Amino acid sequence: MGSMAELMLPVIDFSSLRLKPGTAEWTAVRDEVKQALETCGCFEARFKKVPVDLQESMLGSVQELFDLPLQTKLRNVSRKPYHGYVGQYPMVPLYESMGIDDADVYEKVDGLTTILWPEGHPNFSKNIQSFSEKLSELDKMIRRMILESLGVEKYLDEHMNSTNYLLRVMRYAGPQTTDTKLGLNSHTDKNIVTILCQNEVDGLEVQTKDGEWFSAQPSPNSFIVMIGDSLYAWVNGRLHSPHHRVMMSGNKARYSVGLFSIPKGGYMIKAPDELVDEERPLLFKPFDHVEFLGFYYTEAGQRAESALKTYCGV
């Protein structure tokens, strides 16, 4: 399918003020979204509702966060796997990350801010919450388009109400060499939709359905959108959940921010009857995302070629 350099993410523009449900413009963009997620599982999104200065302020806040002492960062704890501070792993020594649950809610963000900065840091809270809230509009738009394109928009309210948002901020240290080093292992995301923003340092690679890896190099101030295993299961395999990884070289650190729509604990992910038929039999038994995540981080889950199929495949 060609070399890594020849492959590019589809680019979809969500910037038009006329992009409203029911319009011809909406239908055209919706068709682009469906095609991109069927073939690639991800795309580059242009979305001007998140101003450039807000992106830059937010990335500055993220850098400030990772500059905190390790003992301070370790206060970012969560009962959910992978929602708190992650770092100091010998297998991926360049990587560390932190999670902010309900990042679109100011009080929740400020609660974590106060733990990390007991004297308070309202500017940090404001940047994180405002960025998350504006980017959640893109998440909701994309998910509505997905359900409409599959003819299951009657589930829209239930689908939207079944999730909340996790903002995961990530730092990949430059390996201080021109050799390429692993920043983060190959994996699929486990959530519904992931929207990524990064600084000027590239490193994200996506695997095609044919098994080829290509470098995802978004334009400045745009976003990379991809779907996770929970949505892949909900649509009964009609869209693609792509493997991706981070490979690093050079001296500069890569800062990346991901807004993840996450199924709430206790909500059972189950493909609608309309998406199951003789041609497309049911792929997965109903499952709770939080329990699936617990399995994924066990030795068996990490060893499995597909944790989802191992956990709840039919």
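Residues numbered from 1 in each chain as written. Predicted model: local features only at pLDDT ≥ 70, side-chain atom pairs only at ≥ 80, totals over all residues. Heavy atoms only, no water.

A.B. asks: Could you clarify how one ought to interpret the packing of helix 2 (residues 52-66) against helix 5 (residues 122-149) in this entry?
C.D. replies: The relative placement of two packed helices is expressed as an angle between their axes plus a distance between the axes. Viewed as axis vectors pointing N to C, helix 2 and helix 5 meet at an angle of 130°, and their least axial separation amounts to 9 Å. Between helix 2 and helix 5, the angle falls in the class oblique. Relative to helix 5, helix 2 is oriented so that their crossing is left-handed. Contacts between helix 2 and helix 5 involve Leu54, Gln55, Ser57, Met58, Ser61 and Leu65 from the former and Phe124, Asn127, Ile128, Ser130, Phe131 and Lys134 from the latter. A per-class count over the contact of helix 2 with helix 5 returns 6 nonpolar, 5 polar and 1 charged. (Axes fitted to C-alpha atoms, helices over the stretch in contact; angles between N-to-C directions. Helix = DSSP H or I, 4+ residues; strand = E, 2+ residues; numbered from the N terminus. Parallel < 35°, antiparallel > 145°, perpendicular 65-115°, else oblique. Left-handed = near helix turned anticlockwise from the far one by under 90°. Contact = heavy atoms within 4.5 Å. Nonpolar A, V, L, I, M, F, W, Y, C, P; charged D, E, K, R; others polar.)

A.B. asks: Help me out: how do you make sense of the state of the cysteines in this one?
C.D. replies: One way to say it: the disulfide is the covalent bond shared by the sulfur atoms of two cysteines. Inspection of the entire model under this criterion finds 0 disulfides. Cys197 forms no disulfide, and the closest cysteine sulfur to it belongs to Cys42, at a distance of 16 Å. Judged by relative accessible area, Cys197 falls into the buried class, the value being 2%. (Disulfide = S-S within 2.5 Å. Buried < 20%, exposed > 50% of the residue type's maximum accessible area, 1.4 Å probe, protein only.)

A.B. asks: I'm lost on empty space enclosed by the protein in this one. Help?
C.D. replies: A water-sized probe rolled over the atoms picks out the places where empty space is left. One pass over the full model with this rule turns up 3 cavities of 30 Å³ or more. Estimates place the volume of the largest cavity at around 50 Å³. Lining the largest cavity, in full, are Leu196, Cys197, Gln198, Leu204, Pro218, Ser222, Phe223, Ile224, Arg254 and Ser256. Looking at the lining of the largest cavity, the elements that each hand over two or more residues are strand 6 (193-198), strand 9 (223-227) and strand 11 (254-263). Counting residues per element, the lining of the largest cavity draws most heavily on strand 6, which supplies 3 residues. Taken together, the residues that form the lining of the largest cavity break down as 6 nonpolar, 3 polar and 1 charged. (1 Å grid on protein atoms, 1.4 Å probe; cavity = no way out; pocket = protein on both sides within 12 Å on 5 of 7 lines; lining within 4 Å. Points joined across faces, edges and corners; volume = space filled by probe spheres on them.)

A.B. asks: Help me understand the sheet that holds strand 5 (residues 177-187) in this model?
C.D. replies: Two strands in a sheet stick together by hydrogen bonds in their backbones, pointing the same way (parallel) or opposite ways (antiparallel). An order of 5-10-7-8 is seen for the 4 strands of this open sheet, with the pairing classed as antiparallel. Looking at the sheet topology across the chains shown, the edges are occupied by strand 5 and strand 8 (213-215). For this sheet, the mean angle separating the axes of adjacent strands, direction not counted, is 30°. Pairing analysis gives 5 bridges linking strand 5 to strand 10 (residues 244-250), with the strands arranged antiparallel. What sits directly across from Leu182, in strand 10, is Met247. (Pairing = 2+ DSSP bridges.)

A.B. asks: Where do I start with the UniProt feature "domain: Fe2OG dioxygenase" (unreviewed entry) in the chain in this structure?
C.D. replies: Within this numbering scheme, the UniProt entry marks residues 162-263 as carrying the feature "domain: Fe2OG dioxygenase" (unreviewed entry). The annotated region residues 162-263 carries 6% helix and 55% strand content, and the separation between its end C-alpha atoms amounts to 6 Å. (UniProt positions renumbered as here; feature names shortened; annotations may be inferred.)

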